[in-house]
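Inside the fold
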Amino acid sequence: MTGFGQDTTGSGESAGPIGRDRGDEPVAGKFPRHRLTVVSGPSGVGKSSVVGEMRRREPDIYFSVSVTTRPPRPGEVDGEHYHFIDRATFDKMVANDELLEHAEFTGNCYGTPRAPVEQALRDGRPAILEIELQGARQVRVAMPEARLVMLMPPSWEELVGRLTGRGTEAEEAVKARLAEAERELAAAGEFDVRVVNADVRVAAGELLDLVIGTDVTT
Ligand code: 5GP
């Protein structure tokens, strides 16, 4: 047990950094539905920007903070963008079944701490995971009621441009991410919904409609 998102207060609130983003206002009843939405899509498609925009507009939604063995990029904050952990800690979390899903992606491990997601859903908050394809497939099996959304680039050329222009990764890493991106896009048909990210605010609006729109039949 590593304590990520575990409730050690006895109050039902998470004691860890996960879950602290919740404001003081109760959210129960605020949302017409509270289910899990998985947002996937190839590296460089703009998942973080779109999810960041959603978060600004709707802070009461629970946005999962993953664990990863990848080192932080400049500007990334531990506990906010990811929980940066070592491989031994990651393996322990897997062994203890503390991760809702997990995957290896271009040489690093990533996973979703299970407890805070389940707590958010119990609290009546929709929850969003921003994860890659293997993880999305695991969630499909573990929680068939979850909705899987794939964020798509306007075109392959645009994606290559975004990935090579990011400048945060060595050439080899960019190549690996492009190969992975091709595989991810080939799986678009497995997803319930596909949203094209030509404009971050438009894509965030479309996703928010899917997550908290009042049409409870969708
Ligand atoms: P990055 O290293 O660029 O932050 O993330 C690499 C990929 O891992 C992205 O596609 C991102 O969505 C995905 N990812 C981030 N967190 C998780 C997670 O908890 N589980 C899985 N399966 N993928 C994740």
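If you're wondering where the values come from, they're calculated on a predicted model, not measured in any experiment.

1. Here we look at the overall build of the chain
Of regular secondary structure, the chain possesses seven helices and nine strands. Expressed as a percentage of the 218 residues in the chain, the buried residues total 48%. Excluding contacts between residues fewer than 6 apart, the proportion of contacts in the chain whose partners are at least 24 apart in sequence is 73%. On the chain, roughly 10,500 Å² of surface is accessible, and the fraction owed to carbon and sulfur atoms is 51%.

2. Topic: the layout of surface pockets
Empty space within the largest pocket amounts to approximately 950 Å³. Secondary structure elements with two or more residues in the lining of the largest pocket: helix H1 (47-57), strand E5 (99-105), strand E6 (108-113), strand E7 (127-130) and helix H6 (171-186). Element by element, the count of residues in the lining of the largest pocket is highest for H1, at seven residues. Classifying every residue of the lining of the largest pocket gives eleven nonpolar, eleven polar and 14 charged.

3. Structural notes on the packing of aromatic side chains
On inspection of all chains with the given rule, the structure shows three aromatic pairs. When the centroid spacing of 5.9 Å and the interplanar angle of 55 degrees are considered together, the rings of Tyr82 and Tyr110 count as tilted. Residue Tyr82 is found in the loop between strand E3 (67-68) and strand E4 (83-84), and its partner Tyr110 is found in strand E6; the two are separated by 28 residues along the sequence. A single burial state applies to Tyr82 and to Tyr110, both of which are buried. Put simply, the rings of Tyr82, Phe84, Phe105 and Tyr110 touch in pairs and so form one group of aromatic residues.

4. Quick look at unusual backbone geometry
At Asp97, a residue that is not glycine, the phi angle is positive and equals roughly 60 degrees. Mapping Asp97 onto the fold places it in the loop between helix H2 (87-95) and E5. The phi angle at Thr106 is positive, at roughly 40 degrees, despite the residue not being glycine. For Thr106, the position within the fold is in the loop between E5 and E6.

5. Comments concerning the pairing of E7
In this structure, strand E1 (residues 36-40) lies alongside E7, joined through four bridges in parallel fashion. Each residue of the ladder has a partner; that of Val39, found in E7, is Glu130. Alignment of strand E2 (residues 62-63) against E7, held across two bridges, turns out to be parallel. Paired with Phe63 across the bridge in E7 is Ile128.

6. Examining the site of the ligand
Taken together, 16 residues lie around the ligand, and Lys47, Arg70, Tyr82, Tyr110 and Glu132 are the ones closest in. A distance of 2.6 Å separates an oxygen atom of the ligand from a polar atom in the side chain of Arg70. Separating an oxygen atom of the ligand from a side-chain N or O atom of Tyr110 is a distance of 2.5 Å. In isolation the ligand exposes 510 Å². Once the protein is present, 95% of that is buried. Judged by the proximity of its atoms to the pocket grid, the ligand belongs to the largest pocket. Elements supplying a minimum of two residues to the shell around the ligand: E5 and E6. Residue composition of the shell around the ligand, grouped by class: five nonpolar, four polar and seven charged.

7. A short note on the packing of helix H5 (residues 156-165) against H6
The contact between H5 and H6 brings their axes to 10 Å, and the two run at 150 degrees. The pairing of H5 with H6 is recorded here as roughly antiparallel in orientation. The interaxial crossing formed by H5 with H6 has right-handed handedness. On the side of H5, the interface is formed by Trp156, Leu159, Val160, Leu163 and Thr164, while H6 contributes Val174, Arg177, Leu178, Ala181, Glu182 and Leu185. Residue composition of the contact of H5 with H6, by class: eight nonpolar, one polar and two charged.

8. A closer look at the confidence of the model for the chain
Close inspection of predicted coordinates is inappropriate in any region flagged by low pLDDT. On average, residues of the chain score 86 in pLDDT, and 83% of them reach the 70 mark or higher. Under a pLDDT of 50 for its full length, residues 6-24 has, in the predicted model, 31 contacts with residues more than four places off or in other chains.

9. Some words on the nonpolar core
Within the largest apolar cluster, 22 residues are counted, with the highest numbers of intra-cluster contacts made by Val50, Met54, Ile61, Ile128, Leu151, Val195 and Leu207. What Met54 contacts, discounting residues up to four positions off in sequence, is Phe63, Ile128, Ala204, Leu207, Leu208 and Val211. With 21 residues, the next largest nonpolar core counts Leu100, Ala127, Leu133 and Val139 among its residues.

The rules we used
- Residues numbered from 1 in each chain as written.
- Predicted model: local features only at pLDDT ≥ 70, side-chain atom pairs only at ≥ 80, totals over all residues.
- Heavy atoms only, no water.
- Helix = DSSP H or I, 4+ residues; strand = E, 2+ residues; numbered from the N terminus.
- Buried < 20%, exposed > 50% of the residue type's maximum accessible area, 1.4 Å probe, protein only.
- Contact = heavy atoms within 4.5 Å.
- Areas by Shrake-Rupley, 256 points an atom, 1.4 Å probe, with all protein chains shown as cover.
- 1 Å grid on protein atoms, 1.4 Å probe; cavity = no way out; pocket = protein on both sides within 12 Å on 5 of 7 lines; lining within 4 Å.
- Points joined across faces, edges and corners; volume = space filled by probe spheres on them.
- Nonpolar A, V, L, I, M, F, W, Y, C, P; charged D, E, K, R; others polar.
- Phe/Tyr/Trp six-rings, centres within 6.5 Å; stacked < 30°, edge-to-face > 60°.
- Pairing = 2+ DSSP bridges.
- Near = heavy atom within 4 Å.
- Polar contact = N/O pair within 3.5 Å; in protein donor to acceptor, adjacent residues only side chain to side chain.
- Sits in = over half its atoms within 2 Å of the grid points.
- Axes fitted to C-alpha atoms, helices over the stretch in contact; angles between N-to-C directions.
- Parallel < 35°, antiparallel > 145°, perpendicular 65-115°, else oblique.
- Left-handed = near helix turned anticlockwise from the far one by under 90°.
- pLDDT = per-residue confidence, 0-100.
- Core = buried A, V, L, I, M, F, W, Y, C linked by side-chain atoms within 4.5 Å.

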